[in-house]
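Chain by chain, the residues:
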Amino acid sequence: MPQDKYSSTDSVTSPARNCFAITPSDAGELSSVTKAIYVGTGGDVTLLPADNLDDVIFRNVPSGMTLDVRASAVRSSGTTAADLVGLL
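First, a word on what this report is: a plain description of the structure on this page. Per chain, residue numbering runs from 1 following the sequence as it is written. Only residues with pLDDT of at least 70 are given local features in this predicted model, and only at 80 or more are side-chain atom pairs given and counted; all residues enter the totals for whole chains, interfaces and linings. Neither water nor hydrogens contribute to the side-chain values; these are computed over all heavy atoms in the structure.

### Quick look at the side chain of Asp44
Turning to step 1, where the next piece is worked out: With respect to the secondary-structure elements, Asp44 resides in strand β3 (residues 43–49).
Turning to step 2, where the next piece is worked out: When its relative accessible area of 14% is taken as the criterion, Asp44 is described as buried.
Turning to step 3, where the next piece is worked out: Identification of polar contacts relies on pairs of N or O atoms within 3.5 Å, with a donor-acceptor requirement for protein atoms, meaning one able to donate a hydrogen and the other able to accept it, and with residues adjacent in sequence counted only if both atoms are side-chain atoms. Of note is the side chain of Asp44, whose polar atom sits 2.9 Å from the backbone nitrogen of Asn60.
Turning to step 4, where the next piece is worked out: What makes two residues a contact is simply this: any of their non-hydrogen atoms within 4.5 Å. Contact partners of Asp44, with chain neighbours within four places excluded, come to Ile57, Phe58, Arg59, Asn60, Gly78, Thr79, Thr80 and Ala81. The helix count covers DSSP runs of H or I at least four residues long, the strand count covers runs of E at least two residues long, and both are numbered beginning at the N terminus. Each residue is placed in one exposure class: buried if its accessible area under a 1.4 Å probe, protein chains only, is under 20% of its type's maximum, exposed if it is over 50%, and partly exposed if it falls in between.

Written out as structure tokens, the structure reads:
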């Protein structure tokens, strides 16, 4: 395994060190709060920000964009974007 000389400098603003596929759900939360969300196929993304009680809709997110948002859930209702990846 290659040596990572930046392994001890992880923060919210540093590059992601891990990622996971996001399956939007109206009932469940994400396995981890994200640093950001990559949108592979554009559309709307309805999510619950980490410190909010209410969902927020990001409209018309273009394909290939990264949303710099700490989200605890991505909802299926209202989400038309696809191929979402959570960055940690």
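### A closer look at the pattern of salt bridges
Turning to step 1, where the next piece is worked out: Any carboxyl oxygen of Asp or Glu within 4 Å of a side-chain nitrogen of Lys or Arg constitutes a salt bridge here. If you walk through the whole model with that rule in mind, you get three salt bridges.
Turning to step 2, where the next piece is worked out: The salt bridge partner of Arg75 is Asp55, with a shortest N-O separation of 3.1 Å. Here Asp55 lies in the loop between β3 and β4 (56–61) and Arg75 lies in strand β6 (residues 71–75), a separation of 20 residues in the sequence.
Turning to step 3, where the next piece is worked out: When its relative accessible area of 14% is taken as the criterion, Arg75 is described as buried.
Turning to step 4, where the next piece is worked out: Given a relative accessible area of 39%, Asp55 falls into the partly exposed group.

### Considering the sheet that holds strand β1 (residues 19–21)
Turning to step 1, where the next piece is worked out: In space, the four strands of this open sheet follow the order β1-β7-β2-β5, with antiparallel pairing throughout. What marks the edges here is a single partner per strand, and that holds for β1 and β5 (65–67). Ignoring strand direction, the axes of neighbouring strands in this sheet form an average angle of 25°.
Turning to step 2, where the next piece is worked out: DSSP bridges decide pairing: two strands pair if at least two such bridges lie between them. In this structure, strand β2 (residues 36–41) lies alongside strand β7 (residues 82–87), joined through five bridges in antiparallel fashion. Opposite Val39, over in β7, you have Leu84 as the bridge partner. Note on definitions: angles span 0 to 180 degrees between N-to-C directions of axes, and those axes are lines fitted to C-alpha atoms, for helices only across the stretch in contact.

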